[in-house]
Protein chains: 2
Amino acid sequence: MSTRMVEVRAKVLKQNDLLARALRERFERSGTCVVGLVSSPGSGKTALLEKLLSGLAGDYRVAALVGDLATENDAARLKRATPNVRQITTGTICHLDAQMIERALESFGPASFGPDSRGSDSRGAESRGFDEMDFLFIENVGNLVCPSSYDLGEELRLVLLSATEGEDKPLKYPTIFNSSDVAIITKMDLADAAEFDVAAARRNIESVRPGMRVFEVSAKTGLGMEEVFDFLHSKAAGSRRTRVEATV
Amino acid sequence: MSTRMVEVRAKVLKQNDLLARALRERFERSGTCVVGLVSSPGSGKTALLEKLLSGLAGDYRVAALVGDLATENDAARLKRATPNVRQITTGTICHLDAQMIERALESFGPASFGPDSRGSDSRGAESRGFDEMDFLFIENVGNLVCPSSYDLGEELRLVLLSATEGEDKPLKYPTIFNSSDVAIITKMDLADAAEFDVAAARRNIESVRPGMRVFEVSAKTGLGMEEVFDFLHSKAAGSRRTRVEATV
């Protein structure tokens, strides 16, 4: 990369970090637990997200932003679980950035931070401001490299690794594992067919990011999903406490 | 992306295009068939390349450059097939560029374009100038987005799509399919287990890039590999003709 390119990129990343910080403060004020999903193309982000939205929608107000270079396929698919889904189409850009998130949030309608706007009677309405959400999921463009540089203001970033991709991905793409909080090994129903060595994958994750929490799931069969839901319930309780503290 | 970033990127891409053109002329002079491989992380580029190098090494002088953010694992693996392998470690950069290729070629030793340097007696030597090669494969960083913008001077670019990634990848990542010449659907041994709809995948490729040639393979079982080899034999014959024309 040229020196000029490095300089301009550093400036862009700094601006992104400032905007992401402002987003994070907004999410904290509204008590919204914001969860980012990153992975290779085809690791099963959308399949997992569909299960998460369906499973959480009974107890929480949930929403999702989904990034892709082209097509609105993912948003159409996720709308089976909740109407609160917006597609972000990036064109040729290989990652989401904080500004894209800020703009997409506006499409959910007006944000208001007063406790009155959060009455339980507003549950079930078709479209609402993001600040009324308990969970906001952000599915990034499928890319194990570039999204790692762009903070989106998430509370939690999940990196997905599918059993069919091989055990070595954490070693080859260490930055995305380092910028994530939790690893989820997906497509575990295909692990045997793909001769996937889950112990080796866990060792590789541990060597890149010691102590990282790892879940093993199959969105198709439901394997391991209960543990992920338990984890998200505990996160939602934490975000709710933040909101109460902010409003009293 | 900021306007400044777009401007700087356009300049970088222009410089890359100039350098790639010079590389392409070099490869034509030396009669080397240069084949790029692009795909998501974990689509099986290295497994396919290992089979290609092993299968071609008996009849041709073959070499490979492999790009990764970190680790030399792929080069170590490919050296089982040929010693003429160089790893390009990109750090945080999400793609190979023409300058990285130019530098890596220097590591193969001095280039010389005289017909004397191509005597059949030089076959089997451990390390040789790239200009003595019949085939040079370039395995890009696993990324379905960014490598599409960077010409590496290849004669032929193969885009891989694994049966476990889903049928919709060509629609979601159209640019990489448009910048490639041939699509290879890999891991076909897992197609049934993954409920992969190969006809739908072919339709999606056709809609993004009409007339694109598509191979279906399994590097593991050998399924479909014979057709890929036939295709590469015909390409090598074409490159050899170019070389003869250039030297007489």
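Notes on the structure in this doc start here. (Residues numbered from 1 in each chain as written. Chains lettered and ligands numbered in written order. Predicted model: local features only at pLDDT ≥ 70, side-chain atom pairs only at ≥ 80, totals over all residues. Heavy atoms only, no water.)

### Brief notes about helix α7 (residues 198-208) of chain B
All names here are of chain B.
- If you check which residues of α7 are buried, you get A200, A201, N204, I205 and V208. Buried residues of α7, seen end-on, are gathered within an arc of 140 degrees and therefore sit on one face of the element.
- Lining the buried residues of α7 we find β5 (156-162), α5 (169-172), α6 (174-178), β6 (182-186) and β7 (213-216). (Buried < 20%, exposed > 50% of the residue type's maximum accessible area, 1.4 Å probe, protein only. Helix = DSSP H or I, 4+ residues; strand = E, 2+ residues; numbered from the N terminus. Arc of directions from axis to C-beta. Contact = heavy atoms within 4.5 Å.)

### Side note on the sheet that holds strand β4 (residues 135-139) of chain B
Residues and elements named next belong to chain B.
- Here we have seven strands laid out as an open sheet, ordered β3-β2-β4-β1-β5-β6-β7, and parallel in their pairing. A single partner strand is all that each edge strand has here, and the edge strands are β3 (85-89) and β7. Within this sheet the neighbouring strands show an average axis-to-axis angle of 20 degrees, counted without direction.
- Docked against the sheet, α7 engages β5, β6 and β7, running at close to 155 degrees with respect to β7. (Pairing = 2+ DSSP bridges. Axes fitted to C-alpha atoms, helices over the stretch in contact; angles between N-to-C directions.)

### Brief notes about the sheet that holds strand β3 (residues 85-89) of chain A
All names here are of chain A.
- Spatial strand order, β3-β2-β4-β1-β5-β6-β7: seven strands in an open sheet with parallel pairing. A strand with exactly one partner marks an edge of an open sheet, and here the two such strands are β3 and β7 (213-216). Averaged over all neighbouring strand pairs, the angle between strand axes comes to 20 degrees, with direction disregarded.
- In this sheet, strand β5 (residues 156-162) lies alongside strand β1 (residues 33-38) in parallel orientation, the contact comprising four bridges. Its bridge partner being in β5, V35 is matched across the sheet by L156.

### Some thoughts on the interface of chain B and chain A
- If you look at the interface, chain B gives 40 residues, while chain A gives 39 residues.
- Between chain B and chain A, roughly 3,400 Å² of surface is buried when both sides are summed, and carbon and sulfur atoms account for 62% of that area.
- Three residues, M5, P41 and K172 of chain B, lead the burial of chain B against chain A; their summed loss comes to 18% of the area buried on that side.
- Our enumeration of links across chain B and chain A arrives at six salt bridges.
- In this structure, K172 of chain A and D68 of chain B form a salt bridge, with 4.0 Å as the shortest nitrogen-oxygen distance.
- At the surface where chain B touches chain A, the tally comes to nine residue pairs in polar contact (both at pLDDT 80 or more).
- For the side of chain B that touches chain A, the leading source of residues is helix α1 (residues 3-30) of chain B, giving five residues. (Buried area = accessible area lost by both parts, 1.4 Å probe. Salt bridge = Lys/Arg side-chain N within 4 Å of Asp/Glu carboxyl O. Polar contact = N/O pair within 3.5 Å; in protein donor to acceptor, adjacent residues only side chain to side chain.)

Distances and angles like these do not, on their own, reveal function.
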